[in-house]
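Residues per chain are reported as follows:
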Amino acid sequence: MNIPSAPRRPLTVLLAAPRGSCAGVERAIAIVEEALRRYGPPVYVRHEIVHNRYVVDRLKRQGAVFVDELDAVPDGRPVVFSAHGVAETVRQEAGRRRLPVVDATCPLVAKVHRAVDRHVRAGRPVVLIGHDGHAEVVGTLGQAPPGAVHLVESPADVDRLTLPADRTIAYATQTTLAVEETAAVVTRLQQRFPLLTGPARDDICYATSNRQAAVKAIAPRVDLLLVVGAPNSSNSNRLVEVARTTGAGDARLIERAHDLPWDRLETIASLGLTAGASAPELLVQEVLDALRLRFTLDVRTVRLAEETQSFRLPRFPPLFAAPDQAAE
Ligand code: SF4
């Protein structure tokens, strides 16, 4: 790491809590590690297990092979589905090929999948609030036949829907959205579709909302807020947006300590620091260690919630499992 040499000066750091890895991410990583232990390498993983390059590279070194689609998985080798979930067609393809599947879909994403499936089976059109192209959204849309789920991102998208106002319309949301923006879209849905049904508020998970709440508490008190996370991490990008809209003088996403904006840091007295739900705590500590080389830090943790959530690992099928045993 190339740290510029300069006299150390004081810098206050407000450290958000909770921050970083959530229960779904920790479970997904543990699943790949356990699959490597049980089956031996290579273990194939469809898509990035979580959106974090450090985690993916570490698992690669242990023998995980990340692939875009199942046709890159040799017959008989185990494949792990990522925390973001998969479309039904992917599950069916794995079953048809009798691939041993270990499903690392976060249980909170799987809950949304079940709700969408339930609504579609009941004949209700479903509106999904989410970001087009995100892995989780692709998986959730894929729980229903093409055309059964309508994707919207904004109130303006809701206005463009051509669904009948006198029918029961269901909705679901991506789990990693910004809380306030999503509430605005749900409000617009309620206005347009009086018979709207869905979750009590939204499907945004505890980890996403806790991390946003912690950022909101810190943002008005800092000159710059840094989010440790990957550019393709939805919840990390939302943290940057939340910081910008709730009073941080400046907010940026960094992947590692080597991305620290040293010139900008020289101009500030207070820094906010958090991490997206797919970023390990080790990367936050790496950032703090790098800052200590340059500044005398006064680190104050601002805790908004205690998190005790954990998820059990799924069943690991034997190699060459029958299709109906292959996935949970
Ligand atoms: S961010 Fe939420 S939904 Fe996504 S893996 Fe973590 S706990 Fe699960």
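What you are looking at is a predicted structure, and each value in this text was computed from that prediction instead of being measured.

Here the focus is the domain arrangement of the chain. If you check the domain split of the chain, you get domain 1 (9–21 + 206–303), domain 2 (23–107 + 311–322) and domain 3 (108–192). Once you take the C-alpha centre of each, domain 1 and domain 2 turn out to be 31 Å apart. Contacts between the two partners involve 13 residues from domain 1 and, on the opposite side, 10 residues from domain 2. A buried area of about 960 Å², summed over both sides, lies between domain 1 and domain 2, and 52% of it is on carbon and sulfur atoms. Linking domain 1 to domain 2 there are 1 salt bridge. In this structure, the salt-bridge partner of glutamate 255 is arginine 53, at a minimum N-O distance of 2.9 Å. Between the two partners, domain 1 and domain 2, sit 6 residue pairs in polar contact (both at pLDDT 80 or more). Residues of the side of domain 1 that touches domain 2, tallied by class, amount to 7 nonpolar, 4 polar and 2 charged.

A separate point is the pattern of salt bridges. This structure, assessed with the given rule, holds 24 salt bridges. Here glutamate 266 makes a salt bridge to arginine 9, at a shortest N to O gap of 3.7 Å. Placement of glutamate 266 in the loop between helix H10 (262–265) and strand S11 (270–275) and of arginine 9 in strand S1 (residues 9–17) is noted, with a sequence separation of 257 residues between them. Taking relative accessible area as the criterion, arginine 9 reaches 23% and is therefore assigned partly exposed. For arginine 96, the salt bridge goes to glutamate 93, with nearest N and O atoms at 3.1 Å. One end of the pair is arginine 96 and the other is glutamate 93, both in helix H3 (residues 88–96) and 3 residues apart, which spans about a single turn. Residues joined in a network through salt bridges with shared partners are Arg9, Glu266 and Arg294.

What counts and what doesn't
- Residues numbered from 1 in each chain as written.
- Predicted model: local features only at pLDDT ≥ 70, side-chain atom pairs only at ≥ 80, totals over all residues.
- Heavy atoms only, no water.
- Domains from an automatic or database assignment.
- Contact = heavy atoms within 4.5 Å.
- Buried area = accessible area lost by both parts, 1.4 Å probe.
- Salt bridge = Lys/Arg side-chain N within 4 Å of Asp/Glu carboxyl O.
- Polar contact = N/O pair within 3.5 Å; in protein donor to acceptor, adjacent residues only side chain to side chain.
- Nonpolar A, V, L, I, M, F, W, Y, C, P; charged D, E, K, R; others polar.
- Helix = DSSP H or I, 4+ residues; strand = E, 2+ residues; numbered from the N terminus.
- Buried < 20%, exposed > 50% of the residue type's maximum accessible area, 1.4 Å probe, protein only.

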